Amino acid sequence: MIVTIDGPAGAGKSTIARTLAGRLGFRFLDTGAMYRAVAWAAMERGHDWAQAEALVVLAGELQLDVDEQHVAVNGRDVTREIRTPEVTAATHYAANNPGVREILVTQQRRAAGKDDIVTEGRDQGTVVFPHAECKIYLTASPEERARRRTKELVARGQATTVEEVLAAQNRRDASDSSREVGPLVPASDAIEVATDGLSPDEVLDRLEELVRGKMSS
Ligand code: DC
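Owing to the predicted nature of the structure, the values given are computational and were not obtained by experimental measurement.

## Observations regarding the pattern of salt bridges
- Taken as a whole and assessed by the stated rule, the structure comprises 17 salt bridges.
- Between Asp201 and Arg23 there is a salt bridge; the shortest N-O distance is 3.8 Å. With Asp201 in helix 9 (residues 200-215) and Arg23 in helix 1 (residues 13-24), this residue pair connects regions lying 178 residues apart in the sequence.
- According to the relative accessible area criterion, Asp201 is partly exposed, its value standing at 49%.
- Assessed through its relative accessible area of 30%, Arg23 is described here as partly exposed.
- A salt bridge links Asp30 to Arg83; its shortest N-O distance comes to 3.0 Å. A residue pair is termed long-range when its members are at least 10 positions apart, and Asp30 in strand 2 (residues 27-30) and Arg83 in the loop between strand 5 (76-77) and helix 4 (85-95) qualify at 53 residues.

Dropping the structure here:
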């Protein structure tokens, strides 16, 4: 079974999707990590962002290994490096590039194979796995998302404020929603779950119930 979880930045998708996969005994695929890894590799190589075609070539040459815990680019573990504010801010160059998306979409389908999987991103239910048996669109208000994200960043030792995070998040939301290929939109058959005011455990219980309902139907 394929479970897709799409939604905007900061809706809590990563943690929720990973934990849900654990509860169900499914594999987990973090597709945002793949776009981040391409951006990280480009920055490492001093890539000129104006050269969109060169970014596609680079993405095609990279060996990306994304598993439940780690992300590696050509064998180097970059799990932490891809989460810095610099990489986060540059990732739209990879995500908005149709050629890069084509390469990563193919890799995502291959990575899923025939396994039971929870896959998380922006276009999983719409583009990558349109026939997924269970599609979830996870949302929360911009303010709630920014508050959660600020807490996470501060816990990781990054000095920032809710206002700063909200401004950056608004830019990413606009970029995610307006791109021509793979924009952030709910699939017509996705179940929308708003997480404002819910604890992670409450969200997880609700999603697990949804998936188990689909499994037995
Ligand atoms: O979920 P995240 O913050 O790790 O995603 C990083 C960026 O990649 C974000 O700008 C959205 C983009 N992305 C995408 O375009 N398609 C996906 N399937 C996953 C993420």
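## Some thoughts on the nonpolar core
- Counting 32 residues, the largest nonpolar core has Val38, Leu64, Val73, Ile82 and Val100 as the members making the most contacts within it.
- If you list the elements that add at least two residues to this core, you get helix 2 (31-44), helix 3 (52-61), strand 4 (71-73), helix 4 and helix 5 (98-112).
- With near-sequence residues (within four places) excluded, Val38 lies in contact with Leu55, Ala59, Leu62, Leu64, Ala94, Val100 and Leu104.
- One finds Ala17, Leu24, Leu138 and Val203 within the second-largest nonpolar core, a separate group that totals 20 residues.

## Topic: unusual backbone geometry
- Not every positive phi belongs to a glycine, and Asn74 is a case in point at roughly 45 degrees.
- The topology assignment puts Asn74 in the loop between strand 4 and strand 5.

## Quick word on the environment of Arg83
- Residue Arg83 is classed as partly exposed on the basis of its relative accessible area, which comes to 26%.
- Sequence-distant contacts of Arg83, that is, excluding residues within four places in its chain, are made with Asp30, Ala33, Arg36, Thr88, Arg156 and Gln158.

## What about the sheet that holds strand 3 (residues 64-66)?
- Read from one edge to the other, the open sheet built from three strands follows the order 3-4-5, with strand pairing classed as antiparallel. Whereas interior strands pair on both sides, the edge strands pair on one side only; in this sheet they are strand 3 and strand 5.
- When strand 3 meets strand 4, the two strands line up antiparallel, connected through three bridges. Bridged to Val66 within strand 4 is Val71.

## Here's the deal with the packing of aromatic side chains
- Evaluated as defined, the whole model comprises one aromatic pair.
- Consider the rings of Trp49 and Tyr93, whose centres lie 4.5 Å apart with planes at 5 degrees: the pair is stacked. One end of the pair, Trp49, is in the loop between helix 2 and helix 3; the other, Tyr93, is in helix 4, with 44 residues separating them in the sequence.
- Owing to a relative accessible area of 23%, Trp49 belongs among the partly exposed residues under this scheme.
- Take Tyr93: its relative accessible area is 35%, and that puts it in the partly exposed class.

## As for helix 3
- Buried within helix 3 we find Leu55, Val56, Leu58 and Ala59. End-on view of helix 3: buried residues confined to an arc of 165 degrees, all on one side of the axis. Opposite the packed face of helix 3, turned more than 90 degrees from it, sit the exposed residues Glu53 and Glu61.
- On its buried face, helix 3 is in contact with helix 2, helix 4 and helix 5.

## Observations concerning the packing of helix 1 against helix 9
- Running from amino to carboxyl end, helix 1 crosses helix 9 at an angle of 50 degrees, the nearest separation of the two axes being 10 Å. Taken together, the axes of helix 1 and helix 9 lie oblique to each other. Regarding helix 1 and helix 9, the two cross each other, and that crossing is right-handed. In this structure, helix 1 contributes Ile16, Thr19, Leu20, Arg23 and Leu24 to the contact, and helix 9 contributes Pro200, Asp201, Val203, Leu204, Asp205, Leu207, Glu208, Val211, Arg212 and Met215.
- Partitioning the contact of helix 1 with helix 9 into residue classes produces nine nonpolar, one polar and five charged.

Parameters at a glance
Residues numbered from 1 in each chain as written. Predicted model: local features only at pLDDT ≥ 70, side-chain atom pairs only at ≥ 80, totals over all residues. Heavy atoms only, no water. Salt bridge = Lys/Arg side-chain N within 4 Å of Asp/Glu carboxyl O. Helix = DSSP H or I, 4+ residues; strand = E, 2+ residues; numbered from the N terminus. Buried < 20%, exposed > 50% of the residue type's maximum accessible area, 1.4 Å probe, protein only. Core = buried A, V, L, I, M, F, W, Y, C linked by side-chain atoms within 4.5 Å. Contact = heavy atoms within 4.5 Å. Pairing = 2+ DSSP bridges. Phe/Tyr/Trp six-rings, centres within 6.5 Å; stacked < 30°, edge-to-face > 60°. Arc of directions from axis to C-beta. Axes fitted to C-alpha atoms, helices over the stretch in contact; angles between N-to-C directions. Parallel < 35°, antiparallel > 145°, perpendicular 65-115°, else oblique. Left-handed = near helix turned anticlockwise from the far one by under 90°. Nonpolar A, V, L, I, M, F, W, Y, C, P; charged D, E, K, R; others polar.

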